[in-house]
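# Reading the structure
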Amino acid sequence: MSRIVTIGAAQSGPILREESRSAVVERQIQQLREAHRQGCDLVVFPEVALTAFFPHWWIEDEAELDAWFEREMPGPETQPLFDEAARLGIGFHLGYAELTFEGGKKRRFNSAILVGKDGQKIGHFRKIHLPGHVEYRPDNPFQNLEKRYFEFGDRPFETWRAFGGVVGIQICNDRRWSESYRLLALKGAELVLIGYNTPDHIPEHPHMDRLTNFQHQLCMQSGAYQNACWIVAVAKAGIEEGVSMIGLSSIIAPSGEIVAQTKTLGDELIVHACDLDDSKAYQELFEFGTNRRIQHYGPIATQAAAVPPP
Ligand code: CDT
């Protein structure tokens, strides 16, 4: 029997620096309603989906920096998204900047949540691979200050049983690391959700710019094929406060094929009916059960595989 999950990748166009959370949530609600019309079970929104991608700017004032973070999820401005999704019976993935107080210490993470069709949180993930730098780079046309504004994710890659299958999350730069896919696959992932903000220019390595789109697709297509999972990857795209970011939000099958992809750099929804049993078919082809030599992959793999899939 097939296990079809109809998934919408809700690409976001640029968000203005002064655009309010409520205005962004209204845009997202429009996308949810369109997704509902197209029969979606799950909608995936991008990384840091509620504001402009502020790590592109140098911010010295602590209160000004904190204002870009969410202290509650849902909070007053995001509650309408949760309410509308629950009313429509659609689950969603949302990336956001998380500010939390743990052990009496202020902590900031680049995070994402998975929410079920009933509006209840299923999963929460903190980005593990943070790109960029800590110091101001005056010669660069824009900054990439994730290492300054966020802590590295403090929890392992995790999967959750949801939408009839096993689901994991990566955030943006995580997708460039083979370990991200493999550790999720060792925990049974059949579907991996990814939000991203990816500039089409690397100030330190401009000769690599021509490869940006190719490498974006390369890592995810190989990640999907080698780990027998579906991938839904969603951009914040377009020219945002002077920084040009790629689109190419993609739904990728366990065969490694891109089955749907955005064509614009604005708000755009693409939808695909993903059969999670295609994941099972590739797991069987590779004979994951017998051919993966987990005992030879080292302690991280052994530990990951020791926890039975949810
Ligand atoms: N947000 C994020 O992680 N962006 C990075 C920028 C590239 S740094 C070379 C990315 O991997 O897309």
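What counts and what doesn't
- Residues numbered from 1 in each chain as written.
- Predicted model: local features only at pLDDT ≥ 70, side-chain atom pairs only at ≥ 80, totals over all residues.
- Heavy atoms only, no water.
- Helix = DSSP H or I, 4+ residues; strand = E, 2+ residues; numbered from the N terminus.
- Contact = heavy atoms within 4.5 Å.
- Phe/Tyr/Trp six-rings, centres within 6.5 Å; stacked < 30°, edge-to-face > 60°.
- Lys NZ or Arg CZ within 6 Å of the ring centre and 35° of its normal.
- Buried < 20%, exposed > 50% of the residue type's maximum accessible area, 1.4 Å probe, protein only.
- Pairing = 2+ DSSP bridges.
- Right-handed = clockwise from strand over helix to strand, strands pointing away.

### A word on the side chain of K187
The residue K187 is located in the loop between α5 (178-186) and β8 (191-196) in this model. Those residues in contact with K187 that lie beyond four places of it in its chain are P156, F157, E158, T159, V166, A304, P309 and P310.

### Regarding the packing of aromatic side chains
What the rule picks out here adds up to 13 aromatic pairs. Through successive ring pairs, a cluster of aromatic residues spans F54, W57, W68, F69, Y149 and F150. Here the basic side chain of R126 rests over the ring of F109, its NZ or CZ set 3.9 Å away from the ring centre. One Lys or Arg, R175, reaches over the ring of Y196 and ends 4.6 Å from the middle of that ring.

### Quick look at the pairing of strand β7 (residues 165-171)
Of all the seven residues making up β7, seven are buried; the element is thus mostly covered by neighbouring parts of the structure. Linking two consecutive strands that pair antiparallel, namely strand β6 (residues 159-162) and β7, is a turn of two residues; a positive phi of about 55° is found at F163 within it. Judged from the five bridges that link them, β7 and β8 form a sheet pairing that is parallel. Counterpart to G168 in the pairing with β8 is V192. In this view, the connection linking β7 to its parallel neighbour β8 by way of α5 has right-handed handedness.

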